[in-house]
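# Breakdown of the fold
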Amino acid sequence: MRLRFAPSPTGALHIGGARTALYNWLLARGSGGTLVLRLEDTDRERSTPENVEQIVEALGWLELDWDEGPVSQSERSDRHRAEIARLVEEGHAYEDEGAVRLRVPDAGSTTVRDEIRGEIAFEHAAITDFVIARSDGSPLYNLAVAVDDRDMGITHVVRGEDHLSNTPRQLMVLRALGDEPPPDYAHLPLLHGPDGKKLSKRHGAASVEELRDAGYLPEAVRNYLALLGWGYDAETTFFTTDELVERFSLDRVSRSPAVFDEQKLRWMNGRYLREMQPAELARRLEERHGRAGLRAAVEVSQEKLQTLADFWPTAGFVVERQPTDPRAWAKVMTGGAGDRLRLTRDALAALERFDVGGVESALRGVVDELGVKPKEVFQPLRVALTGGTVSPGIFESVVVLGREEALSRIDAALERVGGGAPS
Ligand code: GLU
């Protein structure tokens, strides 16, 4: 198989484009074939080098590589112009006030044989002679795609369903160019949001870059994208990339729209995070935050994370003191909270075995002694240690800080209780 991924560098790589890239990549890798990266920059105004860079970076982050390219259509414009001239010379196309149009027969139809949708006939009566070159001679999209697919020996065109109406036009150009058989086509189902409307920005993260920044893992995104329109069986949700390469095939791609649901991606990402080796997770977080020494913080928080972005709010307190959330303080540090915290401090200071079991029995001892609900002891402590009311398990949180640091944070809080509001 010779496949191509052919983004237009008119914007960032969005979820739909990333899915198309992934499916082409899986087919190329699964068949021992070749993937060409082709940048379709016939829209000279909207195509920019920054967008190219962003797309290449997004593919790199997703770990989708290619074997040939990137080739820009703009580099091939002499080739496109030569073919336009030949089509005119051979009578397949003609000039109309400078622009060049391909002749479309009045009768009959062109049939697209789609691997996913079957045969779809397009009546010629509904297709006018269409422009293949502007009056300045520059090639238009359908011409450039057909010439490039032919020159590059593409055997399979796999792309979004939004291109289906271009396909009969590209088939007509291909037929006019020569008698080689056209590639096979597969048009992937549209993407909808959970509300059933066409996927757009308001459904959440829309570009690959935004997914990365939101803290998703590339392996989870690949897994999730693979399921947007494809399934292996009714049950299996988690696939390693090797399994995807082995199992992916066009005959299991669905015709109906696929739903991109960011909540489902979050859930899936959380499971990838929990199953990762702590050392590997720490490595990725250290890279993301540009700092070393996050291993201990990773160990107390790994269970709780759904995205890498959850890490700092959950476990940043382990690395450095966090500002106190005034609402958390106001809610928890009321009534006798100061006295409860003082007793907690004494119990921790006196503790012999400063490990999770030891800390747990010390804190439960305070709860019993006071005859209060556990949270009346745990929450003031949590606010003192972490600055907020949500954190990993309280015993683990105490232990990971170590006695000295934990006591010093408690002391700081006790001072504030004396003085009223947090500084
Ligand atoms: N350049 C087109 C796009 O970005 C893809 C065309 C194709 O795959 O044939 O939507």
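Look up a bit, the structure's there.
One structure accompanies this document, and this report is about it.

## Remarks on helix 5 (residues 167–177)
A turn of α-helix holds 3.6 residues, and therefore any two residues three or four places apart point the same way. Counting buried positions along helix 5 yields nine of 11 residues, so the element is predominantly enclosed. All of the buried residues in helix 5 are T167, P168, Q170, L171, M172, V173, L174, A176 and L177.

## Structural notes on the site of the ligand
Contacts to the ligand come from R4, A6, P7, S8, E40, Y141, R159 and H163. A6 is positioned with one of its backbone polar atoms (N or O) 2.7 Å from a nitrogen atom of the ligand. R159 is positioned such that a nitrogen or oxygen atom in its side chain is 2.6 Å from an oxygen atom of the ligand. Relative to its unbound accessible area of 300 Å², the ligand is 80% covered by the protein chains. Classifying every residue of the shell around the ligand by side-chain character gives three nonpolar, two polar and three charged.

## A few points about the environment of G338
For G338, the location among the structural elements is in helix 14 (residues 337–350). Under the relative-accessibility criterion, G338 is labelled buried at 8%. Expressed as a C-alpha distance, the spacing of G338 and R409, which sit 71 residues apart in the sequence, is 13 Å. Not counting residues up to four positions away in its chain, the partners in contact with G338 are L414 and V417.

## Thoughts on the sheet that holds strand 5 (residues 99–102)
Strand order in this open sheet of three strands is 4-5-8, and the pairing throughout is antiparallel. Strand pairing shows two members of the sheet lacking a second neighbour, strand 4 (93–96) and strand 8 (131–133), which therefore form its edges. Recorded for the sheet is a direction-independent mean angle of 45° between the axes of neighbouring strands. Looking at chain direction, strand 5 and strand 8 are connected through two bridges and run antiparallel. Bridging from a neighbouring strand, R101 pairs with V131 of strand 8.

## A short note on the pairing of strand 3 (residues 68–72)
Residues in a regular strand point their side chains to alternate faces of the sheet. By the bridge criterion, three bridges tie strand 2 (residues 34–39) to strand 3 in an arrangement that is parallel. Bridging from a neighbouring strand, L39 pairs with S72 of strand 3. With helix 2 (residues 49–61) bridging strand 2 and the parallel strand 3, this β-α-β connection has right-handed handedness.

## Brief notes about the packing of aromatic side chains
Inspection of every chain in the model, using the stated rule, returns 10 aromatic pairs. Ring centres of Y23 and F248 lie 4.5 Å apart, and the angle between their planes is 50°; this geometry places the pair in the tilted category. Taken together, the residues Y23 in helix 1 (residues 15–31) and F248 in the loop between helix 8 (241–247) and strand 12 (258–259) connect sequence positions 225 residues apart. Considered together, Y23 and F248 belong to a single accessibility category, that of buried residues. A ring pair is formed by F378 and F395, whose centres lie 5.6 Å apart and whose planes are at 85°; its orientation type is edge-to-face.

## A look at the packing of helix 3 (residues 77–89) against helix 4 (residues 141–151)
The N-to-C vectors of helix 3 and helix 4 enclose an angle of 105°; their axes lie 10 Å apart at closest approach. On the basis of the axis angle, helix 3 is roughly perpendicular to helix 4. Residues R79, H80, E83, I84, R86 and L87 of helix 3 touch helix 4, and the partners they reach there are L143, A144, V147, D148, R150 and D151. Looking at the contact of helix 3 with helix 4 residue by residue, the class counts come to five nonpolar, one polar and six charged.

The rules behind these values
- Residues numbered from 1 in each chain as written.
- Predicted model: local features only at pLDDT ≥ 70, side-chain atom pairs only at ≥ 80, totals over all residues.
- Heavy atoms only, no water.
- Buried < 20%, exposed > 50% of the residue type's maximum accessible area, 1.4 Å probe, protein only.
- Helix = DSSP H or I, 4+ residues; strand = E, 2+ residues; numbered from the N terminus.
- Near = heavy atom within 4 Å.
- Polar contact = N/O pair within 3.5 Å; in protein donor to acceptor, adjacent residues only side chain to side chain.
- Areas by Shrake-Rupley, 256 points an atom, 1.4 Å probe, with all protein chains shown as cover.
- Nonpolar A, V, L, I, M, F, W, Y, C, P; charged D, E, K, R; others polar.
- Contact = heavy atoms within 4.5 Å.
- Pairing = 2+ DSSP bridges.
- Axes fitted to C-alpha atoms, helices over the stretch in contact; angles between N-to-C directions.
- Right-handed = clockwise from strand over helix to strand, strands pointing away.
- Phe/Tyr/Trp six-rings, centres within 6.5 Å; stacked < 30°, edge-to-face > 60°.
- Parallel < 35°, antiparallel > 145°, perpendicular 65-115°, else oblique.

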